[in-house]
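Report on the structure
Each chain is listed here by its residues.
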Amino acid sequence: MKKFSFTIRGNKYDVHLKDIEENIAQLDVNGTQYEVEIHQEVKKAKTPRLVRKEIQRKPGEGFITKKDGGKVVKVNAPLPGNIFKVLVKEGDEVKKGDVLLVMEAMKMENNVLAEKEGTVASVKVSVGDAVLQNDVLIEME
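Residues numbered from 1 in each chain as written. Predicted model: local features only at pLDDT ≥ 70, side-chain atom pairs only at ≥ 80, totals over all residues. Heavy atoms only, no water.

1. Focus on the side chain of Ser-122
Looking at the secondary structure, you find Ser-122 in strand β10 (residues 118–123). On the basis of relative accessible area, Ser-122 is assigned to the buried category, the value being 12%. Those residues in contact with Ser-122 that lie beyond four places of it in its chain are Glu-90, Ile-138 and Glu-139. (Helix = DSSP H or I, 4+ residues; strand = E, 2+ residues; numbered from the N terminus. Buried < 20%, exposed > 50% of the residue type's maximum accessible area, 1.4 Å probe, protein only. Contact = heavy atoms within 4.5 Å.)

What follows is the structure in structure tokens.
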């Protein structure tokens, strides 16, 4: 609702008036919660208040869980060029560092290597295809 700053006997107090109901005020003084009674008439707010029950969550409800299985790794073209040779097919097991395909770029043959161990899920290109940088060449699981 309102924030105040008081200095009493040289001590500084930051007071946040959270709510007033009837003659009871809820205050936050330097991070500590207090309920105080007011001994004079309090003006009623003209704004209606919406009163709801607090939501009771079940254990684990409302949290997003991340599943690890079935992650697809995409092998992208490192630079624009043409596909010269495709050395793998769907279902092949590959190890880190294996050559997946050879592409011609800037009049040179460039090997595209597997960055991780896995199984080839799909081959998105064939021999003779022209690709741009960052085009998906192969998907691995």
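2. Quick notes on the pattern of salt bridges
Taken as a whole and judged by the stated rule, the model has two salt bridges. The partner of Asp-92 in a salt bridge is Lys-89, with the nearest N and O atoms 3.4 Å apart. Of the residues examined, Lys-89 reaches a relative accessible area of 55% and is grouped as exposed. Taking the shortest distance from any N to any O, the salt bridge between Glu-139 and Lys-124 comes out at 3.9 Å. Of the two residues, Glu-139 is situated in strand β12 (residues 136–140) and Lys-124 in the loop between β10 and β11 (130–131); the sequence distance between them amounts to 15 residues. Judged by relative accessible area, Glu-139 falls into the buried class, the value being 18%. (Salt bridge = Lys/Arg side-chain N within 4 Å of Asp/Glu carboxyl O.)

3. A word on the sheet that holds strand β9 (residues 108–113)
Spatially, the four strands line up as an open sheet ordered β9-β8-β6-β11, and their pairing is antiparallel. Unpaired on one side and paired on the other, β9 and β11 mark the two borders of the sheet. Bridging between strand β6 (residues 81–86) and β11 involves two bridges; their strand directions are antiparallel. Looking at the pairing, Asn-82 lines up with Ala-130 of β11. (Pairing = 2+ DSSP bridges.)

4. Regarding the sheet that holds β10
With respect to topology, four strands assemble into an open sheet ordered β5-β12-β10-β7, the strand pairing being antiparallel. Either end of the sheet is taken by a strand with one partner, and the two such strands are β5 (73–76) and β7 (93–94).

5. Some remarks on the pairing of strand β8 (residues 99–105)
The buried fraction of β8 is high, at five of seven residues. Pairing geometry for β6 and β8, over four bridges, is antiparallel. Residue pairing for β8: Ile-83 is matched across the bridge by Met-103. Pairing of β8 with β9 involves six bridges; the strand directions are antiparallel. Residue pairing across strands places Glu-104 opposite Glu-109, the latter belonging to β9.

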